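Structure assessment
Next come the chains, spelled out residue by residue.
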Amino acid sequence: MTANGWFQIGFYLLVIFLLTKPIGIFMTRVFNREKTFLDLVLRPIERLVYRLTGVDEKHEMRWTEYAIAMLLFSGVSMALLYLIERTQKWLPFNPQKLGNLEPGLAFGTAASFTTNTNWQAYSGESTMSYLTQMAGLAYHNFASAAVGIVLAIVVVRGIARKETDKLGNFWVDTTRCLLWVLLPTCLFGSLVLVSQGVVQNLRPYTQVDLVEPQTVQATGADGKVTTQIVTQQVIAQGPVASQEVIKEFGTNGGGFFGANSAHPFENPTPLTNFLEMVLIFAIPSGLTYTLGRMTGSQRHGWAVWAAMAFLFFAGVTTAYWAEAKGNPLLAGTDQRATALQSGGNMEGKEVRFGIANSALFATVTTDASCGAVNGQHDSFTPLGGMVPLINIMLGEVVFGGVGAGLYGIIVFVILAVFIAGLMVGRTPEYLGKKIESYDVKMAMLAVLILTLTILGFSAIAVVRPFGTSSISNPGPHGFSQVLYAYVSSAGNNGSAFGGLSVNTMWYNTSTAVAQLLGRFFMIIPVLAIAGSLARKKAVPESAGTFPVTGGLFAGLLVSTILIVGALTFFPALSLGPILEHLLMHAGKAF
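Residues numbered from 1 in each chain as written. Predicted model: local features only at pLDDT ≥ 70, side-chain atom pairs only at ≥ 80, totals over all residues. Heavy atoms only, no water.

**Notes on the overall build of the protein**
- Secondary structure summary: the protein contains 18 helices and 4 strands in total.
- Overall, the protein is about 80 × 60 × 50 Å in size when its C-alpha atoms are taken along their principal axes.
- Buried positions account for 58% of the 590 residues belonging to the protein.
- By sequence separation, contacts in the protein at least 24 residues apart represent 78% of the contacts at least 6 residues apart.
- In the form shown here, the protein has an accessible surface area of approximately 23500 Å², with 66% of it arising from carbon and sulfur atoms. (Helix = DSSP H or I, 4+ residues; strand = E, 2+ residues; numbered from the N terminus. Buried < 20%, exposed > 50% of the residue type's maximum accessible area, 1.4 Å probe, protein only. Contact = heavy atoms within 4.5 Å. Areas by Shrake-Rupley, 256 points an atom, 1.4 Å probe, with all protein chains shown as cover.)

**So, the packing of helix H16 (residues 475-490) against helix H17 (residues 505-535)**
- Running from N to C, H16 and H17 point in directions that differ by 40 degrees, and their axes come no closer than 7 Å. It follows that H16 is oblique to H17 by the angle criterion. Seen from H16, the contacting residues are Val482, Tyr486, Ser489 and Ala490; seen from H17, they are Trp506, Tyr507, Ser510, Thr511, Ala514, Gln515 and Gly518.
- Across the contact of H16 with H17, the residue classes break down as 6 nonpolar, 5 polar and no charged. (Axes fitted to C-alpha atoms, helices over the stretch in contact; angles between N-to-C directions. Parallel < 35°, antiparallel > 145°, perpendicular 65-115°, else oblique. Nonpolar A, V, L, I, M, F, W, Y, C, P; charged D, E, K, R; others polar.)

**Digging into unusual backbone geometry**
- Here the phi dihedral of phenylalanine 93 falls at roughly 55 degrees; this positive angle occurs in a residue that is not glycine.
- Structurally, phenylalanine 93 can be placed in the loop between helix H3 (63-87) and helix H4 (103-114).
- A positive phi angle, close to 70 degrees, is found at phenylalanine 399, a residue other than glycine.

**Remarks on the nonpolar core**
- Counting residues in each nonpolar core, the largest one holds 130 residues, and the members touching the most others are Tyr12, Val181, Leu182 and Phe312.
- The element best represented in this core is helix H6 (residues 130-160), accounting for 15 residues.
- In terms of nonpolar packing, the next biggest core, distinct from the first, is built from 24 residues, Tyr122, Val482, Trp506 and Ala512 among them. (Core = buried A, V, L, I, M, F, W, Y, C linked by side-chain atoms within 4.5 Å.)

**So, the pairing of strand S1 (residues 206-219)**
- Among the 14 residues of S1, 0 are classified as buried, and the element is accordingly described as predominantly exposed.
- Taken together, the 10 bridges between S1 and strand S2 (residues 225-235) define a ladder with antiparallel strand orientation. When the bridges of S2 are listed, threonine 206 appears paired with isoleucine 235. (Pairing = 2+ DSSP bridges.)

**With respect to H4**
- The terminal C-alpha atoms of H4, which comprises 12 residues, lie 16 Å apart, in line with the 16 Å expected from a rise of 1.5 Å per residue.
- Among the 12 residues in H4, 10 count as buried, and that is most of the element.
- Taking the backbone nitrogen of glycine 104 as reference, a side-chain oxygen 2.8 Å away marks glutamate 102 as the first, capping residue of H4.
- Of the residues one or two after H4, asparagine 116 is the one with positive phi, at around 70 degrees. (Expected span 1.5 Å × (residues − 1). Polar contact = N/O pair within 3.5 Å; in protein donor to acceptor, adjacent residues only side chain to side chain.)

Rendered as structure tokens:
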């Protein structure tokens, strides 16, 4: 670990802190339908959209109506993406003449992008046409991100409103989110990325001659190994910059290229690497300020932010320490950081980013439900690779995905307040609302859905041939590969541990089901909580009310998150990265 590395991590957190208030204020104004500096341009467009679609912007919905609208919108969008994937061979903007996706991969990808997971069992540049990338995948990057944000706003409205069953209008909230929040930033951000070298065109791939021909070995269908001399290379390109910003800003994660943000056409410089990490946390961090502003308790919003920041710093510290320490099996190898080398465990990492930014990116992308990667998590040390696993297992509430992080941590807030009420022997209260058995049951249902999905599918995959046949490494590392696949799917993260062949019928289908359960089966109880809170009367604070605005509350919230995660997933972690770490120090690798 170096002073420079710590400075970059600290500077990143400082930038996120400084962005929290302005972004939070802006989103509050957007969703409260207050005046913003973009209204002169966007308000006429918004009205036109409502006239064309027949939406009554003054109509407000109950939580059940809101949920139905969200499910219908997501279902139709998913079907449309599936259709595009299955017919891309005959559609325009396909200069490489790429074929149609087979049904299993098309279904898995459609479910993945609809749920904001963006799990990729394929390499984008060799599978998806430009039209599929733009009209299919990029569209869902916007739509799924908007759905997550408006659901968080609904939960905040449920906390803020009193004695009502009205929580807003799904179509209005989604339209305003797309027009005011996502599109302007992505338009400007795309131009910034282009200025740094991220490609943006619709040209066919370029074939170039290699400066030095390469000799490679290839295994044929008959099992014979042949030697070939390669003299040319195909340079993949396309409309990358326009999709890269929403990939990060919408915490989607699906890369245009298979190498994702490790590819120089997606992430060419240290500046783009930093900007992409800032985009990942920008909205989730700002939503904590929106929570405080809309509920009238700004100190509560900052307490939630502080709890998230503590967990983030603990995670990145562990990952940075583990990767900078290096691999003990490489005895006698100089793994110190010097002016001439990055030091530590550089396997699977980009030299232009180094240890600190690789550990930081891995932590940020799994704290949020983003899934973009600038390194190979499979090549991290066991403890370094355990950090992304734990981040997702905790529900990605450490800032989290756009919207999902906020409503996810409010579930833990309700559990923390309930625990505090039990300790003092009083009915738990949260910002003037009494937390009753129904609210706690819905909160626990949201937690248990994630747990059951991850552990259930993982258990099946590690005992059946259709699951184990895809593992590239035996022992605890192979178990971590399978566990990470379902943790990433159910948590709607989308990043892959790597090393697991997932383009099979079992993994395409099971991960898609896990993604749908992790997204929509968690959203329903969360919306039910919002509806329940909105109907409640406000009660004045008393001497027995547990404050949700200070360090004590932030500490209790962090403890609740860690205890729930530890009790649930520690046995699985013991069989995977923890065991691998112990065996690595005993001299065995996998």
